[in-house]
Amino acid sequence: MKQELVERELTEEGPRRSGRAPSRRRRSVTVNLAESPLSWLYARGYLGDRQFAAGERLRGDYERAQLAPSVTMRWDPVRARTTGETGLTGAERQIAAKARFHGALAQAGGGLQDVLWRVICAGETIPAAEKALEWPARSGKLVLRLALDRVADFYRLS
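Residues numbered from 1 in each chain as written. Predicted model: local features only at pLDDT ≥ 70, side-chain atom pairs only at ≥ 80, totals over all residues. Heavy atoms only, no water.

J.: An account of the packing of aromatic side chains is needed here, citing residue identities and associated values.
T.: The relation between two aromatic rings is expressed through the spacing of the ring centres and the mutual angle of the planes. According to the stated counting rule, one finds four aromatic pairs in the structure shown. Ring geometry for Trp-40 and Tyr-46: centres 6.3 Å apart, planes at 20 degrees, overall stacked. Taking relative accessible area as the criterion, Trp-40 reaches 34% and is therefore assigned partly exposed. A cation sits over an aromatic face here: Lys-141 above Tyr-46, 3.9 Å from the ring centre. (Phe/Tyr/Trp six-rings, centres within 6.5 Å; stacked < 30°, edge-to-face > 60°. Buried < 20%, exposed > 50% of the residue type's maximum accessible area, 1.4 Å probe, protein only. Lys NZ or Arg CZ within 6 Å of the ring centre and 35° of its normal.)

Structure below.
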């Protein structure tokens, strides 16, 4: 994963998000803007290898199915066929990814789908997802781990 490192001023509330450079008297921190909440949790030991792989597979199916909202016309380049494309057409691969995505969410269950979508697909942080779902603080990591275990069972990851 490519890193997008920026220098942020460290305040009592956390890193300041403004684009200005930190002052000399204040502390600063380097932040990686390209890091997803899932990889952040994995890097700090909150998720196991199997759970991280399940989350990445779910995110990959979400992106392949092109379920994210689009605002305007798509300007993606048209790709030429290669010898590696055997079997499914592009539309069929998109439909298969959509079916896998919805199957994985169904395997997770109704109460766990929200946290999966918010953290993995929408890229929300755990505290933001807890607040939006009106959950107690520090409960999101546990619920996300349970959801990712069920998704790993769906993808048959060992």
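Picking up where we left off.
J.: Account for helix α6 (residues 140–154), naming residues and giving values.
T.: Because each turn of an α-helix spans 3.6 residues, side chains separated by three or four positions in sequence point in the same direction. The end-to-end C-alpha distance of α6 is 21 Å, a good match for the 21 Å that 15 residues give at a rise of 1.5 Å each. The set of residues buried in α6 consists of Gly-140, Val-143, Leu-144, Ala-147, Leu-148, Val-151 and Ala-152. Contacts made by the buried residues of α6 are with α1 (37–43), α2 (49–64), α3 (90–108), α4 (113–121) and α5 (126–132). Looking at the residues trailing α6, positive phi occurs at Arg-156, about 60 degrees. (Helix = DSSP H or I, 4+ residues; strand = E, 2+ residues; numbered from the N terminus. Expected span 1.5 Å × (residues − 1). Contact = heavy atoms within 4.5 Å.)

J.: Go over the nonpolar core, please, and point to the residues and values.
T.: In this structure, Leu-58, Val-115, Leu-116, Ile-120, Leu-144, Leu-148 and Val-151 are the most contacted members of the largest nonpolar core, which totals 28 residues. Taken together, the elements giving at least two residues each to this core come down to α1, α2, α3, α4, α5 and α6. No other element matches the six residues that α6 contributes to this core. For Leu-116, the contacting residues outside a window of four places in its chain are Leu-58, Leu-105, Ala-108, Cys-121, Leu-144, Ala-147, Leu-148 and Val-151. (Core = buried A, V, L, I, M, F, W, Y, C linked by side-chain atoms within 4.5 Å.)

J.: Describe the pattern of salt bridges, with residues and values.
T.: Summed over the entire model, instances satisfying the criterion amount to seven salt bridges. Glu-56 is the salt-bridge partner of Arg-59, the closest N and O atoms lying 2.6 Å from each other. In this pair, Arg-59 and Glu-56 are both assigned in helix α2, three residues apart and thus about one turn of the helix distant. Two residues, Asp-61 and Arg-64, come together in a salt bridge whose shortest N-O distance is 3.2 Å. Residue Asp-61 and its partner Arg-64 are located together in helix α2, separated by three residues, close to a single helical turn. Its relative accessible area of 2% is what places Asp-61 among the buried residues. Assessed through its relative accessible area of 51%, Arg-64 is described here as exposed. Bridged by salt links that share partners, the residues Arg-50, Asp-149 and Asp-153 form one connected network. (Salt bridge = Lys/Arg side-chain N within 4 Å of Asp/Glu carboxyl O.)

All we've got here are geometric facts, nothing functional implied.
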